[in-house]
Amino acid sequence: AIWSAPTIDPKRGLLYVATGDSYSDAPNTGSDAVIAMDLATGKAAWTRQITADDNYLVGCTGKDGQPVSCPLTVGPDHDFGASPILRDLPGGRTVLMVGQKSGEVTALDPDRNGAVLWRNRLSPGSALGGIEWGMAADKSLVFVPIADPYLPKEQAKRGINAVRIADGCTEAGC
């Protein structure tokens, strides 16, 4: 599933989408991933899966007796809910950032088939927490909202985080 609006990259002729988890045990590389698609043809130019084997379907437990439509191994449900954000940095480098319900924001290099530049886990995340929607950025910072509504108060990291686009660090460090 794709939860949010795609991001268009006119310079590279690509459209980026961030995907949710898989609903079955069928092997795939398109779940919990960023997929770059050619604007002219719609074909996938590259795919970068961030969390493999995140198979999740509401009501499934991974235990005996569940419906046959349920995955046998139930993942953490760490979809990407926020639209990817594309920013150019001084010096010509471009960064594509995505936020996941795992509480982690990841920066990818669109010029190297989505190679991971940095990752920063800002909260423990959960199936109903972490980063769900609404990331924003200026020229040097990406602003990352954290939900974590059902985590115990002492574990939850609710709020907004400012993360440096260049290296993934916050005021508190990397």
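Before any of the text, the structure's been laid out above.
All of the points below concern the structure found in this document. Here the residue numbers are simple positions, counted from 1 along each chain's written sequence. Only residues with pLDDT of at least 70 are given local features in this predicted model, and only at 80 or more are side-chain atom pairs given and counted; all residues enter the totals for whole chains, interfaces and linings. Neither water nor hydrogens contribute to the side-chain values; these are computed over all heavy atoms in the structure.

### A look at the side chain of D79
Helix and strand definitions here come from DSSP, where helices need a minimum of 4 consecutive H or I residues and strands a minimum of 2 consecutive E residues; each element is numbered from the N-terminal end. Tracing the sequence through the fold places D79 in the loop between β4 (44-49) and β5 (85-88). Only protein chains enter the calculation, and the probe is 1.4 Å; a residue is then buried if its accessible area is under 20% of its type maximum, exposed if over 50%, and partly exposed in between. The exposure class of D79 is buried, given its relative accessible area of 3%. Here D21 takes part through its backbone nitrogen, which lies 2.9 Å from a polar atom of the side chain of D79. When near neighbours in sequence (up to four residues on either side) are disregarded, D79 contacts W3, T19, G20, D21, D32, D54, Q100 and K101. For this analysis, a polar contact is any N or O atom pair within 3.5 Å, provided that within protein one partner can donate a hydrogen and the other can accept it, and provided that sequence-adjacent residues contribute only side-chain to side-chain pairs. Residue contacts follow a heavy-atom distance rule, with two residues in contact if any of their heavy atoms lie within 4.5 Å.

### Digging into the sheet that holds strand β1 (residues 7-9)
Either a parallel or an antiparallel arrangement is found when strands of a sheet pair, and the pairing is made through backbone hydrogen bonds. Any two strands between which DSSP finds at least two bridges are classified as paired. The strand order β1-β2-β3-β4 describes an open sheet built from four strands, whose pairing is antiparallel. The sheet is open, and its two borders are formed by β1 and β4, each paired with just one other strand. Pairwise comparison of adjacent strand axes, ignoring direction, gives a mean angle of 20 degrees for this sheet. Relative to strand β2 (residues 14-18), β1 runs antiparallel, the two being bridged by three bridges. Paired with D9 across the two strands is L14, which belongs to β2. Here an axis means a line fitted to C-alpha atoms, over the contact stretch when the element is a helix, while the angle between two N-to-C directions is reported on a 0 to 180 degree scale.

### Quick notes on the packing of aromatic side chains
To describe a pair of aromatic rings, one takes the distance between the centres and the angle between the planes. Centre distance within 6.5 Å is the pairing criterion for rings of Phe, Tyr and Trp, where only the six-membered ring of Trp is used; planes under 30 degrees apart are then read as stacked, over 60 as edge-to-face, and the remainder as tilted. Taken as a whole, this structure holds two aromatic pairs when the rule is applied. Centre to centre, the rings of W3 and W133 are 5.3 Å apart; their planes meet at 35 degrees, and the pair counts as tilted. Taken together, the residues W3 in the segment before β1 and W133 in the loop between β8 (115-121) and β9 (136-137) connect sequence positions 130 residues apart. With a relative accessible area of 29%, W3 lands in the partly exposed category. Its relative accessible area of 51% is what places W133 among the exposed residues. A ring pair is formed by Y16 and W46, whose centres lie 5.9 Å apart and whose planes are at 45 degrees; its orientation type is tilted. Highlighted residues: Y16 in strand β2 and W46 in strand β4, separated in sequence by 30 residues. Assigned by exposure class, Y16 and W46 land together as buried.

### Regarding the environment of G75
Topologically, G75 is positioned in the loop between β4 and β5. Owing to a relative accessible area of 16%, G75 belongs among the buried residues under this scheme. As a C-alpha pair, G75 and D38 span 37 residues in sequence and 30 Å in three-dimensional space. Setting aside residues no more than four positions away along its own chain, G75 makes contact with D53, D54, N55 and Y56.

### Digging into the pattern of salt bridges
We define a salt bridge as a side-chain nitrogen of Lys or Arg found within 4 Å of a carboxyl oxygen belonging to Asp or Glu. Under the definition given, this model contains seven salt bridges. The residue K101 makes a salt bridge to D77 at a minimum N-O spacing of 3.1 Å. With K101 in the loop between β6 (94-99) and β7 (104-109) and D77 in the loop between β4 and β5, the pair connects residues that are 24 residues apart, well separated along the chain. Just as K101 is buried, D77 falls in that class too. Between D167 and R164 there is a salt bridge; the shortest N-O distance is 2.8 Å. In this structure, a network of salt bridges that share partners links the residues D9, R12 and D111.

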